[in-house]
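One letter stands for each residue in the lines below.
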Amino acid sequence: MENDDRPVGRILTRRDALKLLGVGSAAFLTACAAPDQSGTPVPPAGSTQVSSATNAALDCVVRPELTIGPYFVDGQLNRPDIRSDPSDGSVKEGVPLTININISDVSNNSCTPLEGAQVDMWHCDAQGVYSGVSDQGFDTTGQQFLRGYQLTDGTGKIQFLTIYPGWYSGRAVHIHFTIRTTAADGSDYQFTSQFFFDDTLTDQVHAQEPYASKGQRDTRNSSDNIFMGGGEQLVLNLQGDNTSGYTAAMNVGLDLTDIEVGAADSMGQPGGGPPP
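Residues numbered from 1 in each chain as written. Predicted model: local features only at pLDDT ≥ 70, side-chain atom pairs only at ≥ 80, totals over all residues. Heavy atoms only, no water.

Q: Just to check I follow, could you spell out the nonpolar core for this structure?
A: The tendency in soluble globular proteins is for nonpolar side chains to be buried side by side. One finds I101, Y164, I179, F195, L238 and L254 to be the most contacted residues of the largest nonpolar core, which totals 49 residues. Of all elements in the fold, only β5 (96–105), β7 (118–122), β11 (157–163), β12 (174–182), β13 (188–196), α4 (199–206) and β15 (245–254) reach the threshold of two or more residues within this core. The dominant element in this core, judged by the number of residues it contributes, is β15, at five residues. Apart from residues no more than four positions distant in its own chain, Y164 is found in contact with V95, L97, V173, F197, D198, L201, T202, V205, H206, Y211 and L238. (Core = buried A, V, L, I, M, F, W, Y, C linked by side-chain atoms within 4.5 Å. Buried < 20%, exposed > 50% of the residue type's maximum accessible area, 1.4 Å probe, protein only. Helix = DSSP H or I, 4+ residues; strand = E, 2+ residues; numbered from the N terminus. Contact = heavy atoms within 4.5 Å.)

Q: Mind showing me how you'd approach α4 here?
A: Residues three or four positions apart in an α-helix share a direction because the helix packs 3.6 residues into each turn. Along α4, the positions that sit buried rather than exposed are D199, L201, T202, V205 and H206. Viewed along the axis of α4, the buried residues span an arc of 155°, placing them on a single side of the element. Summarising the contacts, the buried residues of α4 are in contact with β15. The opening residue of α4 is D198, an N-cap whose side-chain oxygen sits 3.1 Å from the backbone nitrogen of T200. (Arc of directions from axis to C-beta. Polar contact = N/O pair within 3.5 Å; in protein donor to acceptor, adjacent residues only side chain to side chain.)

Q: Please clarify how the pattern of salt bridges should be interpreted in this entry.
A: Side-chain pairs of opposite charge can arise where the charged atoms are in close proximity. Tallied over the entire structure, the rule returns eight salt bridges. Residues R83 and D81 are paired through a salt bridge, measuring 2.8 Å at the closest nitrogen-oxygen approach. R83 sits in the partly exposed class, given a relative accessible area of 23%. The partner of D120 in a salt bridge is R180, and the shortest N-O contact between them spans 3.0 Å. (Salt bridge = Lys/Arg side-chain N within 4 Å of Asp/Glu carboxyl O.)

Q: Explanation requested: the sheet that holds β7 in the structure shown.
A: What links the strands of a sheet is backbone hydrogen bonding, and the strands pair in either a parallel or an antiparallel sense. Pairing is antiparallel in the open sheet, where four strands are placed in the order β10-β7-β12-β13. The sheet terminates laterally at β10 (147–151) and β13, the two strands that pair on one side only. For this sheet the average axis-to-axis angle between neighbouring strands, irrespective of direction, equals 20°. Taken together, the five bridges between β7 and β10 define a ladder with antiparallel strand orientation. (Pairing = 2+ DSSP bridges. Axes fitted to C-alpha atoms, helices over the stretch in contact; angles between N-to-C directions.)

So far we have only geometry, and geometry alone does not tell us how the molecule works.
Here it is, written out as structure tokens:
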């Protein structure tokens, strides 16, 4: 799939995040704890120490720089459950996956929940097909399965219900997402990235239907160009099993004062052929 293998951003290391926020900031250390299983941030009561929960909160601070890729479709449905296609009511088969995302503004040496940010999510189905596009081997124009957006609540939280993704040639298993909000100066701000999955777990999930009929994937994380650019910091930590499904939570911090890296992505157009 043309352009879908291009990097979407530069991942900040944990040290970079601490520099951004100010080393030793007690306000940050107590405000940016890891979420619980429901995705709600849980600050360490009365603590100003660098806890394991705080470490987890620093794992994913990302600066968008490059293209969003050609398979983003704007004007998606505002919905938490993105498994269905409203054109015919069908629901995509696959292992259920719930993703909780907590979004914070990490500018000005603070970590503040970001309310009202629009979070779009999209990915391929168990057979490696995206909705809403025309490509070699399929035409799903007008369909909206496995696409949708939500607005973050007062705690900076959103939750999506989807399925474990399938695969297509040249890419590791992944989920796209983009966050659109307002920068500190009032201009538009956009952050784009991808979630990845542990290869061993993917092997287990893809060994069963409806994934198994696709065959064995040809690209793992270690050979994926996007993943090699920092994707290890965006691997979802999944809890659950192949029967009842999986749940994951991820914290994303945005520096809304950095206008250059928050500039809107250049939307690609659907094109033919798999990535190199």
